[in-house]
Amino acid sequence: MSDANGAAVARVALDGEMTIYRAADLKTAVLDALRKTQVLELDLSGVTELDTAGLQVLMLAKQTAQAGRRELRLVKHSPAVLEIFDMLDLGAFFGDALLMHA
């Protein structure tokens, strides 16, 4: 898949709990995927729970992408993700469009 600028885009779907119990595995998987592409989209539609450890994985991925002049896009935010992002006002940090359901 390519974006409008012709850059290769890879998409990884994360599902289930993004919690301390899975953080190490998620970190490895996300950073490995990020190293293999210029643009990585993380599909968060299947995330059922997000705690601070899972949030740290997402924040590390964003910072790693910026440092490596790569792009990380978070897409299809689940209600669990939206709740935490809203509570902590993280929309600006990630810079992704958030679809809020009223």
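Our structure is the block above this text.
Presented here is a report on the structure given in the accompanying data block. Keep in mind that this is a model prediction, so the values were computed, not measured.

The subject of this paragraph is helix H3 (residues 79-88). Those residues of H3 that fall on the buried side of the exposure criterion are Ala80, Val81, Leu82, Ile84 and Phe85. Structurally, H3 contributes buried residues whose contacts are with strand E2 (39-50), helix H2 (52-67), strand E3 (71-75) and helix H4 (91-94).

Before going further, it helps to spend a moment on the packing of aromatic side chains. The tally for this structure, following the rule as stated, stands at two aromatic pairs. With a centroid separation of 4.8 Å and an interplanar angle of 0 degrees, the aromatic rings of Phe85 and Phe94 are classed as stacked. A single burial state applies to Phe85 and to Phe94, both of which are buried. Ring centres of Phe93 and Phe94 lie 4.9 Å apart, and the angle between their planes is 85 degrees; on these two criteria the pair is classed as edge-to-face. Given a relative accessible area of 31%, Phe93 falls into the partly exposed group. By way of ring pairs, the aromatic residues Phe85, Phe93 and Phe94 are connected into one cluster.

What counts and what doesn't
Residues numbered from 1 in each chain as written. Predicted model: local features only at pLDDT ≥ 70, side-chain atom pairs only at ≥ 80, totals over all residues. Heavy atoms only, no water. Buried < 20%, exposed > 50% of the residue type's maximum accessible area, 1.4 Å probe, protein only. Helix = DSSP H or I, 4+ residues; strand = E, 2+ residues; numbered from the N terminus. Contact = heavy atoms within 4.5 Å. Phe/Tyr/Trp six-rings, centres within 6.5 Å; stacked < 30°, edge-to-face > 60°.

None of this, on its own, says anything about what the molecule does.
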